[in-house]
Amino acid sequence: MPDVVIERTTVDDWQTLIDLVRTRGWRHAYSLSGKPKRLPAAAEMVAAAAEGKASELRVWPVPDVLAIFRVYRAVSIDFDVDLRELQGQERLDILVAFLKAIGRALGKSVLMTPEGCGRPDLGFDVAADRAVRMSDPRG
């Protein structure tokens, strides 16, 4: 699964993400240490992560497309998407729209890298206000 990251974030950015999930009406589920819970305020999620508790927010922007946000710390928003759910142009367009919505709400770039690799392939570039390919596919 590719890693998606938004860097240089704060607790307020996490709260903006939570508010976006709610206002867009995206289906979501929150769990703390594997137990389903109500979706708390961002400060509570980040505090739980600081205590070593596994804090996870699952978001479905559309049915059958899942983003899994794992709360590690306030300074970055990290999530995964499953490429098997993103086959075809229509599904890719859904991912791009999702990245754009998040990036625009936060006013920050959203970068997607292959799992474990630091060089982004695709992302929402906040300065360009569009999704862009960030690496040369020829290597």
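This text follows the structure it describes.
Along each chain, residue indices are assigned from 1 in the same order as the chain's sequence is written. It should be noted that, the model being predicted, local features are given only for residues of pLDDT at least 70 and side-chain atom pairs only at 80 or more, the latter also being counted only at that level, while totals for whole chains, interfaces and linings use all residues. Hydrogens and waters are ignored; side-chain quantities use all the structure's heavy atoms.

Think of it this way: any DSSP run of H or I at least four residues long counts as a helix, any run of E at least two long counts as a strand, and we number them from the N terminus. Helix and strand content of the protein chain: three helices and nine strands. Reading the protein chain from its N terminus to its C terminus gives the helix and strand order β-α-β-β-α-β-β-β-α-β-β-β. Against the compact-globule benchmark of 14 Å for 139 residues, the protein chain has a radius of gyration of 14 Å, which places it among compact chains. With respect to the three principal axes, the spread of C-alpha positions in the protein chain is 45 × 30 × 25 Å. Any pair of residues with heavy atoms lying within 4.5 Å of one another is described as a contacting pair. Of the contacts formed within the protein chain by residues at least 6 apart in sequence, a portion of 52% connects residues at least 24 apart. Charge assignment: positive for Lys and Arg, negative for Asp and Glu; neither His nor the chain ends contribute. Note on charges: their place is set at NZ of Lys, CZ of Arg, CG of Asp or CD of Glu. Charged side chains in the protein chain number 20 positive and 20 negative. The centres of these two groups are separated by 2 Å. Values of the radius of gyration come from C-alpha atoms, whereas the globule rule sets the reference at 2.2 Å times the count of residues to the power 0.38.

What follows deals with the sheet that holds strand β7 (residues 110-113). Strand pairing is assigned whenever DSSP detects at least two bridges linking the two strands. Judged by pairing direction, the sheet is antiparallel, and its nine strands sit side by side in the order β3-β2-β4-β5-β6-β1-β7-β8-β9 without closing on themselves. Looking at strand neighbours, the two that pair on one side only are β3 (35-37) and β9 (130-133), the edges of this open sheet. Adjacent strand axes in the sheet meet at a mean angle of 25° when their direction is disregarded. As paired strands, strand β1 (residues 3-7) and strand β6 (residues 76-81) are joined by five bridges and run antiparallel to one another. Every axis in this analysis is a line fitted to C-alpha atoms, fitted for helices over the stretch in contact. Angles between the N-to-C directions lie between 0 and 180 degrees.

Turning our attention to the environment of Ser76. By the element assignment, Ser76 lies in strand β6. Between the C-alpha atoms of Ser76 and Thr10, which are 66 residues apart in sequence, the distance is 7.4 Å. Setting aside its immediate chain neighbours within four residues, Ser76 contacts Val5, Ile6, Glu7, Thr9 and Trp14. Counting of polar contacts relies on pairs of N or O atoms within 3.5 Å, with two restrictions inside protein: one atom must be capable of donating a hydrogen and the other of accepting it, and residues adjacent in sequence are counted only when both atoms are side-chain atoms. Here the side chain of Ser76 touches Asp78 through a polar contact of 2.8 Å, side chain to side chain.

Let's shift gears to the nonpolar core. Across soluble globular proteins, nonpolar side chains show a tendency to be buried alongside one another. The nonpolar core is taken to be a set of buried Ala, Val, Leu, Ile, Met, Phe, Trp, Tyr and Cys residues, with the residues joined through side-chain atoms within 4.5 Å. Only protein chains enter the accessibility calculation, which uses a 1.4 Å probe. A residue is then buried if its area is under 20% of the maximum for its type, exposed if over 50%, and partly exposed in between. Membership of the largest hydrophobic core comes to 38 residues, with the highest contact counts inside it found for Trp14, Phe69, Phe79, Phe98, Ile102 and Val110. If one sorts the elements of this core by residue count, helix α3 (residues 89-106) sits on top with seven residues. Contact partners of Phe69, with chain neighbours within four places excluded, come to Trp14, Leu17, Ser55, Glu56, Leu57, Val59, Ile77, Asp78, Phe79, Phe98 and Ile102.

Now for helix α2 (residues 42-50). Among the residues making up α2, those that are buried are Ala42, Met45, Val46, Ala48 and Ala49. One side of α2 carries all its buried residues, which in axial view fall inside an arc of 160°. Where α2 is buried, its residues meet α1 (11-24), β2 (27-32), β4 (55-62) and β5 (65-71). Note on α2: the residue one or two positions beyond its end, Gly52, has a positive phi of about 90°. In this description, the arc belongs to the directions extending from the helix axis to the C-beta atoms.

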